[in-house]
Each structure stands twice: as C-alpha cells, then as structure tokens.
Amino acid sequence: MKILLVDDSKTMRNIQKGILSQLGYTDLEEACDGLDALSKVGAYGPDLLLVDWNMPNMDGLTFVKQYRAKGGKSPIIMVTTESEKARVVEAIKAGVNNYVVKPFTPDSLADRIKETLAKVPAA
Amino acid sequence: MDSSYITPFINSAQNVFSMMLGVTVQVEAPVLKSQDDPSYDVTGIIGMSGDMEGSVICSFETSTSERIVGVFTGTEMTVDHEDFADAIGELVNMISGGAKAQFKGKMVSISCPSVVIGNKHTVRGGKDQVTIMVPCKCDLGEFALEISIRQSCLQAKPEGADTSAA
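Residues numbered from 1 in each chain as written. Chains lettered and ligands numbered in written order. Predicted model: local features only at pLDDT ≥ 70, side-chain atom pairs only at ≥ 80, totals over all residues.

### Details of the interface of chain B and chain A
Many structure descriptions define interface size as the accessible area lost when the parts assemble.
Then, in step 1: Each partner contributes to the interface: chain B provides 18 residues, whereas chain A provides 16 residues.
Then, in step 2: Among the secondary structure elements, those contributing two or more residues to the side of chain B that touches chain A are helix H1 (7-21) and helix H3 (84-100) of chain B.
Then, in step 3: Sort the elements by how many residues they give to the side of chain B that touches chain A and H3 of chain B lands first, with 8 residues.
Then, in step 4: Along the lines of polarity and charge, the residues of the side of chain B that touches chain A split into 8 nonpolar, 7 polar and 3 charged. (Contact = placed C-beta atoms within 7 Å. Helix = DSSP H or I, 4+ residues; strand = E, 2+ residues; numbered from the N terminus. Nonpolar A, V, L, I, M, F, W, Y, C, P; charged D, E, K, R; others polar.)

Encoded structure:
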C-alpha cells in the first residue's frame, strides 16, 4: 500500500507518518503542496492520498480536481481545518472520498483510513 | 469588539490542546491589549479575511513553547530547530481553523501561518484595530491568545449601500 501525504506542514506529515506506521503502512511519500503532489503522483502511483486543503502554491482542492481530471482514481482523504459543511460538500464534489477535520486523534484518522480503504473495490 | 468573536478562539484552543496535547487550558478574563504591549517570545500569526478580517496570534514563552512542541511532535526541540516554527504554525492553524468554523453563516478564509521568534517582541494590528488578549495556562505553561478581528468593511456597510468599485 503506497500512501502519499500532501501537507505544507512537516509536523503534520510526521504525525500522519507515525499513525500510519503504527497501522503497518510504511511505503509513504510526502509532498509539500498541490504542485509537488502533482509532480509525484505519476511516478509514485499512490494507492491512497491524504491531502491538506490550505497550502501555498496549489491548495488541496485544486490538486484534487486536477488529479481527478488527469484520471487519478485512488481514494483521497482530505485532512484539514476546514470543517464547514459547505466546504466538505465542495471537497466531496471535487472527488474527495473521505474527510478528517484537524485536530484529530490517532484513532479517528485510523478509522477514516480503514473506512476509506474498505470501500475500495478489489482490483 | 463583539465578545462573540472571542469565544470561538477560546473554545478552539481548548479543543486543540486537549486533543493534540492532552492538556486542559484554563483561561483568565480577556483584557484590552495596547499596541505597544509586548507579546511573549514565540508567536504564531494567522490572518483572516472574507466576512471577518484581521488576525489571531498565539504567543508563548520560550520554555512553554518548547514543552508544547515536544508533546505535539513527540520530539524534543528548541526554538532554533529547523522544524520548530512549522510546529507552532500548525498548532495556530488548527486553533484558527476551529474558530473559523464557529462563525456560522460567515465565509471566512485563513492564511497560511507565520511564526515570529524573538524575546518580548511586539505584534501590532491594523490602525484602529482593537486587540483582545486572553491569558491562558495549562500544565505545559502560560500563553496568550490575541484576537484582532472585525466584520469586514464591505459586510459592515448598511443594507443598500453601494459597494461597487468606482
């Protein structure tokens, strides 16, 4: 399982890496914004993406739209402080599969990851 | 400043500290902050725009900030560590984001965080902008929330006023 972590905060990426490692996921790649992520998805081929919303250069929503427009089909979990209902709806419409609001507990992120992967059809 | 602008930040700070750091935040009575009053030594700043505009800062004594970052990241680091400012910025980002969501019916955007490190520095808000300081303390030390926001000029115009550009 390859997981791409897209967040401009290294602290947040490290927190996510710690939680994912405890869940047994160790094939992780990092991107510091949407542009960086777009440049990495092709070669890395992630099976799951965790994407922040507010980032410099290219925000998470724009990245999700462009990733989907280019045919990217892997599930995406938006991990963000944006918790208003309208924002969540906007993200889902753009192609986000699940949503985690910061701050989160390790258990809540783990639950969302399991929930998201359980819905992915077997190849 | 409307007191209802303060409560969301207090609630959000308490939630973030509880969830990410496992500590309870106690707050003292908010006070009006003079432009020249110094903040603590480490300050995270987030700008707000949209229906509400201004900034919110979270300011810590050095020792408090180092303890907080240690718990938050699981790694002991001092203020001069390359990842220290990033951790403070992310913490303030969560507090601002959580507060933003409590301004029901208002479209508000928050900026990426900036972090200032320097002994007893001063952070000045916009001209005529009131700043409310909320002293806070937790098991990791004391810190302050400084809230300097108001309804945006466009929002504050009377109904029917012409807001179009000349």
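### Quick notes on the pairing of strand S1 (residues 2-6) of chain A
All names here are of chain A.
Then, in step 1: Across the 5 residues that make up S1, a large majority, 4, are buried.
Then, in step 2: Both S1 and strand S2 (residues 27-31) contribute to a ladder of 5 bridges, which runs parallel. From the neighbouring strand, isoleucine 3 faces S2, where its bridge partner is leucine 28.
Then, in step 3: Between S1 and its parallel partner S2, the chain crosses via helix H1 (residues 10-22), and the hand of that crossover is right-handed. (Buried ≥ 20, exposed ≤ 12 C-beta atoms within 10 Å, placed from the backbone. Pairing = 2+ DSSP bridges. Right-handed = clockwise from strand over helix to strand, strands pointing away.)

### Let's talk about H3 of chain B
Then, in step 1: The end-to-end C-alpha distance of H3 of chain B is 25 Å, a good match for the 24 Å that 17 residues give at a rise of 1.5 Å each.
Then, in step 2: In terms of burial, H3 of chain B is a largely internal element, 17 of the 17 residues being buried. (Expected span 1.5 Å × (residues − 1).)

### As for the packing of helix H2 (residues 62-73) of chain B against H3 of chain B
Residues and elements named next belong to chain B.
Then, in step 1: Running from N to C, H2 and H3 cross one another at 80°; their axes reach a closest spacing of 10 Å. Classified by the interaxial angle, the pair formed by H2 and H3 is roughly perpendicular. Across the interface between the two elements, Ser65, Val69, Phe72 and Thr73 from H2 touch Phe84, Ala87, Ile88 and Leu91 from H3. (Axes fitted to C-alpha atoms, helices over the stretch in contact; angles between N-to-C directions. Parallel < 35°, antiparallel > 145°, perpendicular 65-115°, else oblique.)

### Looking at the environment of alanine 91 of chain A
Residues and elements named next belong to chain A.
Then, in step 1: With respect to the secondary-structure elements, alanine 91 resides in helix H4 (residues 85-94).
Then, in step 2: Overall, the presence of 22 C-beta atoms within 10 Å leaves alanine 91 in the buried class.
Then, in step 3: Along the primary structure alanine 91 and threonine 62 are separated by 29 residues, whereas in three dimensions their C-alpha atoms are 9.7 Å apart.
Then, in step 4: Leave out the neighbours within four places in its chain, and alanine 91 touches Leu61, Met78, Val96 and Tyr99.

### Quick notes on the sheet that holds strand S5 (residues 98-101) of chain A
Residues and elements named next belong to chain A.
Then, in step 1: The strand order across the open sheet formed by 5 strands is S2-S1-S3-S4-S5, and the pairing between neighbours is parallel. Looking at which strands have only one partner, the edges of the open sheet turn out to be S2 and S5. The mean inter-strand angle of the sheet, taken between neighbouring strand axes irrespective of direction, is 20°.
Then, in step 2: Where strand S3 (residues 48-51) lies against strand S4 (residues 76-80), 3 bridges are found, and the strand directions are parallel. Bridged to leucine 49 within S4 is isoleucine 76.

Just geometry here; none of it tells us what the structure is for.
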